Structure formats: structure tokens, C-alpha cells
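Chain and residue survey
In case you want the letters, here they are:
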Protein chains: 2
Amino acid sequence: MSGGPLSGIRVLDLSSVVVGPVATQFLADYGADVIKVEPPEGDLLRKLGGASVTPDMASKFLHFNRNKRSLVLDLKRDDARGVLRSICAEADVVVVNMRGKALQRSGLTCEDLRAVNERLIYCRLAGFGQAGPYAHKPAYDTIIQGSTGVAAALARVNGTPAYVPMVMADHVVGLIAVQMILLALYQRARTGLGDSIEVPMFENMAAFVMAEHMYLRTFIPPLGGTGDPRIIDPESRPLPTRDGYICVSANTDQQVFAFFAAVGCPELKSDPRFCSVVARLNNVRAYFDFRSQALRSRTTAEWLEIFDRDSVPAMPYHTFESLMEDPHLRDVGLLREVEHPSEGPIWNIGLPNTLKQGGAREDYLPPPKLGEHTHDVLEEFGYSQAEISRLTAASERTSGATGTREGSSR
Amino acid sequence: MSGGPLSGIRVLDLSSVVVGPVATQFLADYGADVIKVEPPEGDLLRKLGGASVTPDMASKFLHFNRNKRSLVLDLKRDDARGVLRSICAEADVVVVNMRGKALQRSGLTCEDLRAVNERLIYCRLAGFGQAGPYAHKPAYDTIIQGSTGVAAALARVNGTPAYVPMVMADHVVGLIAVQMILLALYQRARTGLGDSIEVPMFENMAAFVMAEHMYLRTFIPPLGGTGDPRIIDPESRPLPTRDGYICVSANTDQQVFAFFAAVGCPELKSDPRFCSVVARLNNVRAYFDFRSQALRSRTTAEWLEIFDRDSVPAMPYHTFESLMEDPHLRDVGLLREVEHPSEGPIWNIGLPNTLKQGGAREDYLPPPKLGEHTHDVLEEFGYSQAEISRLTAASERTSGATGTREGSSR
């Protein structure tokens, strides 16, 4: 037993790359037995996630696939699909991110799988909802960012559309998928009924962006344009100091007036442009321009000390490198060195949140090699050595061939 | 009864601005009775979220506070704190985002509240975990973005640190808080025990960013630097066409080779720089530079038709305005005109996800006016008219005074 609130829950994860693996890793971290079903060539992220110590174990793959087991099944084959259905009969949750036609071809639709297990929670991560004209279209993080206003937000700042330099849509929608799966598990705990969930990336990210930037067009007729001016202002950024940058966020009158006093301009609290939340909102350019010039005389460390004393919310600006050395992260133990059986020592990103009664699982399963648990899982589900050999021998051949076609990751 | 999987769950929401309200709105959308406890001056977002039809009903406030009821309590007063504790005795979930000292002063720590209700799930949204040196520091979205590598990701693209032009940290951590609350509710359904949850923004966003951009420093010793080069490349953006932009995301060999063929360069599939996932990753600048020039000869609509036919993942680039007119969003009904009792017609952003068995709540509660439900809620909890009058009379006076100080939002 792994321990954790989801101990005893079995998840069959047919998803790949980021959106699905983010979701199932949360379930795995809290105790679910997540069986990651991979095609013979493996999850694309094994290669797409960069160089690795041994082939197909890219860093990004490692960060989204701990605490899971890898089962290779070639779902183009009838026997492999039969195996999958037999595992589904004993699973609690299935997560898929294939398109509709592929699901139908493989016999992996919700109807197919809930026919063998009516308590099953079937979660489909789709690019687009099935009730609209984009239903058939494929989706990846960037095209979702570009089509839902994420890139438009950057265009409002800089003039040119650009993607947020993170797989933000995948990552955010993965978090939302967890909500929906937990909601269905909670419901099932009360009613005994499984469920079918659809989580479309496009609709989710459109809602995410529009909640902020529909802004004055929320009202009918509109009270003004789209885009929150405080957020899309080009000066909404870390402020330059004598030796670098600092992050300051003064929002209430009390904080802003303390900021004005700290930078030597206490009289600005009476300036009609800056004397209230609404006044500053209506004069956001002037306010931000003032801020961007106000801190150049002292170092970041000096300002941090002053702002800490005067209760002005402020934090150091971190690069990726300095973040890894941050003293707070070190003390809370977010990053821990773990020994991966094949990759050697790696930094594992721990769980940021705590539950007092029932926390995370007690053990730690390193991110799996491709097909590492194929034999174990099939044996657990009652397959004989002969059956396992038939299934795995063929799969390994296919895997080798594809590996060559894609090239090694070193 | 509201219906929905969380029907019967009572949430006392003491949070404000975005991170908490995002979380509690999800609970409300799925049927929980969310009582939003506001100070006499109201949630800061009522003003900070922009202009409104009537005072203190900014668009951003509307999008994060539907399906909730507003109860004004001045928690500086003993009698108000007593009311709060008596409601907590009958609540399932409490959400707070105050700092430690304020919680202690108000008698709202986990220990205080679980003393009156051991089944209570107490969720504290903190800026920083309590086990590290930043525990006492205040947090807002931008300083979390700047200190967790979000601003650094943009610096890696453009040279200058900048915030993502969305309240991304608040919004993402709010989604994560929902996960933790649902996990605790699920656990309670099985064990009968409440729990205490801590969700620190800094640690959560550091984990979010580092999972992507720790990259080759994941390995000890490092295999290279931080930052996924595919993601932080300046050409990772919607591609210019003859009349605008288009979002294209070709990742597998099949998709990329179809893209090469569609743009009239089928021979590139044999180019050693571009012939495999790994080759393109190692030559990402050359690959992205090629893409950024390849589509200038035709219109976006022409390319969309070609890519759709050839199975190259592509979508139109949307501005905020064109997104609101998108035919898919229209057909799935994500944006719906609703009549707000005081604000008139507004666009409500619907729920992007579907659960077949048990979906969202059946009714729709418009985002509340400040203190709209104070009387009803207090009456429900057994307070007499005289007691309610005493509590509300004083609160209304304070509210009026603060409203004047901050100015009207029009």
C-alpha cells in the first residue's frame, strides 16, 4: 500500500505529453496506483523533453511522471486492446487524451469502457468540446494559447502576439482535470456511480483568460474595452534597482502610501492621481511610470529590508538558477535530491501543499523507464508467462524500430 | 437545494481578490453553499477590478464571485467574530487567505475553528509556507510571478523580466486549492475526519515553473542549463501570414513532414536538422526561423483550410475581441448573456467541463452586492432581528465611510 488519501484508487492513464500526465501525477502523488499505458515508441515527452542520461528519460518527462508505472501496449493490436479492457474492468479512473476517431478505432470510448465497468470514472481531455465545430481538431499547448487570448494578452503589452514561455495551457488544464476527477470520485463515494467527464482545453483556457480580460465588455452594452489596464501595462514588471530587479506589489492605500514614504515621496499620498485604489487605476500609466523610476538609487537587498520593515509587499526577483538556491525553498525542502535507478541523482520537485491528517503517499516511485512495469502489471492482472511473452516480445520489436527512426536523445 | 455534486456542502469563504475566490467559485458552481464573508469595505477586487454599473461591482469581481452569497462581518468586533465561530460550527469548509498574525488576532486559526468543529476542512491560502523564512511575508500575484521564475521565463525570451499579463499565479494556485479541498472532502467521506490544508503560493508556482524549466539542471551533475529551448525561443509565437497570424503546432514527424509539404518544401523531411523530434530540438532556432517565414504568402483562412486537410494542428489567432465572437464558443455556449439584478445584462462565463451523471448546480446566483445576504444568512443561523440589526447597523456605517474614502468606481 502506498498510503495517502487516494490509496486504493487505480488509474489507467492513456494520456501523453503534459496535460494528462500533470493530472495523473497529482493522483499518483496522493496515493493512487497510476498505470501509464504507453505505445511501443513511448510518450512523446520522453524525447521532446530534452537530453537525458539514458535514452527517452528527458527531464520534463521525469517531472511529470513520478509515482507511476509504465505499461507498454500496442493498441493497434487486438490482443493488447483486450488486455486494456480487462484492466479497465478493475480500474477506478481512466484518463485519455486521444481524439474521437482514434478512441473509436481503438474501442476506447467512454461507452466501450463503461460497458465493462459501470463504476468507472472516464475522463477525456479534449482539445475542443464535442458540441462545437472544432470538435475534430487536434490541439497542443501553443495553438490553445494562441486561440484563447493568452498570446493576445502579450500582444496587448508588446504589440506582437507571443506565447507565454511555459506550456501553460496544458499545465493549467491538467490541474482542472484533477478537479473534475476528484469531484467525480467524491460523487461516487456518496452515490456509487461512475461518470464520464469531458475537459476541453480550448473552452477552459478561454474561460481562464476571459475572466480577467473580458473586462469592461462584460457589461452589455460595454462600459469600455477588453483588457485589464493594470495587467497589460508594459510597466507591469519587476522594478529596476541599482543592481538588478525587485518585485513590489502595493495595492491597498496603506501599502501604497508606505511605498511613497519609503521612496522619499510621502506627499504623493495626497496627489489626486494616486490617493485611492480607483484613482491609481484611472492613472495606471503615470503610477507605473513613477514606480519604474523610483528604486534605481539603492540595491535590491537594501530595498527588501526597507519594504519588509514598512510592510510593503516585496520579494527578490529570481532567475531559474537563483530560484533553485532560494533559502526559503531550501528550508521547506521543495527540491530534494533523489537517486534514480537508471538516471542517477536528480532533483525531485516535492509537494508544495500539506494536509495535516492524510498527506501524500509514503513511498516514492521514480519516473519509469519505458515499459518498466509491463511484466509486473500484466502478471498482477492474471496473465500467464506465455501470454506476457507474446505481448511483450512483439512490443519490444516495435519499440526498437521506432527508437531508431526517432534517433537517440543523446 | 442547488443540485450538483457538492450540494449540501457549506463553505465559509474569508478570502478576497483572486486566489481564494477562484477556488470557492468552483465549489459554488458545483453546488456548494458558499458564504463569502466580507469586511465592511468589501473585497478589494470589487474596486480593483475596474469600472462598474453600480459601485463596487467590477467585471473581474463578477467573474470570480457568482453563485456565492455575501455576508458582511466586521471581524475587528468581538460580536462579529462570535457570529463567525457559530457559523463555522456548522460549516464543512473554511477558506482563508489572511496572514498568520491577522488570523491569530481574529481567532481564526485552524486550531480556533476546528475546536468548534472537528469535521471542518480548513484551507489556508498562504503566500509562503510556514516552515521557511518568508512565512511572515505578504504576497500578491506579481511578486509571486517575479520570485518564482515566471518573470524570468519572459526575461529568457526578451532579455527583460516581465510579468505574464494575467493574474496567473493567483489563478493557478486557486485551481490547486480546489484540488486540495476536494481531496480532503473525499478523505472525509471515507474517514469522517476533517483536515487542515496549507496551500502556499510561492512553493506552488516555483514547482509549476521548475517542472518545465529546471530542464538539464534536473540531473546531478547537470547535463546543461535551465530553460526549455523550444519554449523560451523568441520565435515561439503565432506565425505571420499574409493578413495576420496563425497558430501552428507540428510536433510528431508525421505532422512536421505534412507541414513541410504544405508549405512547398517537402525535401526538408530529409534534412538532417529537421528529420526527427530530436534533430528539430537540437536545431530549434533554425526550425523556428524557417517556420516564421514560411506562411507569409497566403492568408490565415487559406492556411487553415490547407492544414486542416493535411492534419497539421493549427488554429486561428484570436484577440480578446475575436475570441468573444468565436463560432465554436458560440455553439458550445461558453458565454451567455444573463440578467444581473443590479448591473443589467452581463456576459457570464459558463462551465467549460461536463460530467454526465452529476453536473453543475441547477440554479444561477448572480455575483452578490456587498452584504446582500447578511440578513438572510444570519437569520438562517438563528440570530434574532434585534441581534441582526445591531450587527448590520454598525457595519453599514463603516461600509459607507470606507466607500467615500476610496471614491466611487465610476
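Counting of residues starts from 1 at the beginning of each chain's written sequence and follows it residue by residue. For this description, chains carry letters from A and ligands carry numbers from 1, given in the order in which they are written. Side-chain atom pairs in this predicted model are given and counted only at pLDDT of 80 or more, local residue features only at pLDDT of at least 70, and totals for whole chains, interfaces and linings cover all residues.

Focus on the pairing of strand 8 (residues 245–248) of chain A
Residues and elements named next belong to chain A. Both faces of strand 8 are covered, namely the face carrying Tyr-245 and Cys-247 and the face carrying Ile-246 and Val-248. Of the strand pairs in this sheet, strand 7 (residues 239–240) and strand 8 are connected by 2 bridges, and their pairing is antiparallel. Among the inter-strand pairings, Leu-239 is bridged to a residue of strand 8, identified as Ile-246. Strands pair, by our definition, only if DSSP identifies at least two bridges between them. Comment: elements are numbered from the N terminus, with helices defined as DSSP H or I runs of at least four residues and strands as E runs of at least two. As consecutive antiparallel partners, strand 7 and strand 8 are separated by 4 residues. For every residue, the other C-beta atoms within 10 Å of its own C-beta are counted; 20 or more classify it as buried, 12 or fewer as exposed, and values in between as partly exposed. C-beta atoms are placed from the backbone.

Quick look at the domain arrangement of chain A
One frequently used descriptor of interface size is the decrease in accessible area upon assembly of the parts. Segment limits for the domains were obtained from an automatic or database-derived domain assignment. In terms of domain boundaries, chain A breaks down into domain 1 (10–208 + 352–406) and domain 2 (239–316). The gap between the C-alpha centroids of domain 1 of chain A and domain 2 of chain A is 45 Å.

Quick notes on the sheet that holds strand 3 (residues 68–72) of chain B
The 7 strands lie next to each other as 12(A)-6(B)-5(B)-4(B)-1(B)-2(B)-3(B), forming an open sheet whose pairing is mixed. For this open sheet the edge positions go to strand 12 (354–355) of chain A together with strand 3 of chain B, each flanked by a neighbour on one side alone. Inspection of the sheet shows strand 2 (residues 33–38) of chain B paired to strand 3 of chain B by 5 bridges, in the parallel sense. By the bridge assignment, Ile-35 of chain B is partnered in strand 3 of chain B with Arg-69 of chain B.

Topic: the interface of chain A and chain B
Facing the 136 residues of chain A at the interface are 135 residues of chain B. Top contributing element to the side of chain A that touches chain B by residue count: helix 9 (residues 168–191) of chain A, with 15 residues. For the side of chain A that touches chain B, the per-class residue count stands at 85 nonpolar, 34 polar and 17 charged. A pair of residues counts as a contact when their C-beta atoms, built from backbone coordinates, are separated by no more than 7 Å. Note on residue classes: Ala, Val, Leu, Ile, Met, Phe, Trp, Tyr, Cys and Pro are nonpolar, Asp, Glu, Lys and Arg are charged, and everything else, Gly too, is polar.

Some remarks on the relation of the copies chain A and chain B
Least-squares superposition aligns the copies on the C-alpha atoms of those residues with pLDDT at or above 70 in both. Each copy superposes on the other: chain A lies on chain B with an RMSD of 0.0 Å after a rotation of 180 degrees and an axial shift of 0.0 Å. The two molecules are tied by a two-fold rotation axis, judged by turn and shift.

What about the sheet that holds strand 9 (residues 314–316) of chain B?
An order of 7-8-9 (chain B) is seen for the 3 strands of this open sheet, with the pairing classed as antiparallel. Across the chains shown, the open sheet's two edge strands, defined by having one partner strand only, are strand 7 (239–240) and strand 9 of chain B.

Considerations on the packing of helix 9 of chain A against helix 9 (residues 168–191) of chain B
The convention used is that axes are lines fitted to C-alpha atoms, helices contributing only their stretch in contact, and that angles between N-to-C directions extend from 0 to 180 degrees. As a packed pair, helix 9 of chain A and helix 9 of chain B sit with axes 9 Å apart at the nearest point and diverge in direction by 20 degrees. In terms of axis orientation, helix 9 of chain A runs roughly parallel to helix 9 of chain B. Here helix 9 of chain A runs over helix 9 of chain B; the crossing is left-handed. Contacts between helix 9 of chain A and helix 9 of chain B involve Val-172, Leu-175, Ile-176, Val-178, Gln-179, Leu-182, Leu-183, Leu-185, Tyr-186, Ala-189 and Arg-190 of chain A from the first element and Val-172, Leu-175, Ile-176, Val-178, Gln-179, Leu-182, Leu-183, Leu-185, Tyr-186, Ala-189 and Arg-190 of chain B from the second. Split by residue class, the contact of helix 9 of chain A with helix 9 of chain B holds 18 nonpolar, 2 polar and 2 charged. Here roughly perpendicular refers to angles of 65 to 115 degrees, roughly parallel to angles under 35, roughly antiparallel to angles over 145, and oblique to all remaining angles. Handedness of a helix crossing follows the sense of rotation of the near helix relative to the far helix, less than a right angle counterclockwise being left-handed and clockwise being right-handed.

Topic: the packing of helix 9 of chain B against helix 10 (residues 201–213) of chain B
Residue and element names in this part refer to chain B. Following both chains from N to C, one finds helix 9 and helix 10 inclined at 95 degrees, their axes separated by 10 Å at the closest point. The angle between helix 9 and helix 10 falls in the class roughly perpendicular. Where helix 9 abuts helix 10, its residues Ala-169, Val-172, Val-173 and Ile-176 lie against Met-201, Asn-204, Met-205 and Phe-208. Of the residues in the contact of helix 9 with helix 10, the class split is 7 nonpolar, 1 polar and no charged.

A closer look at the pairing of strand 10 (residues 335–340) of chain B
Residue and element names in this part refer to chain B. Strand direction decides the pairing type here: strand 10 and strand 11 (residues 344–349), joined by 6 bridges, are antiparallel. Counted as the bridge partner of Val-338 is Ile-346 from strand 11. Counting the residues in the hairpin turn of strand 10 and strand 11 gives 3 residues.

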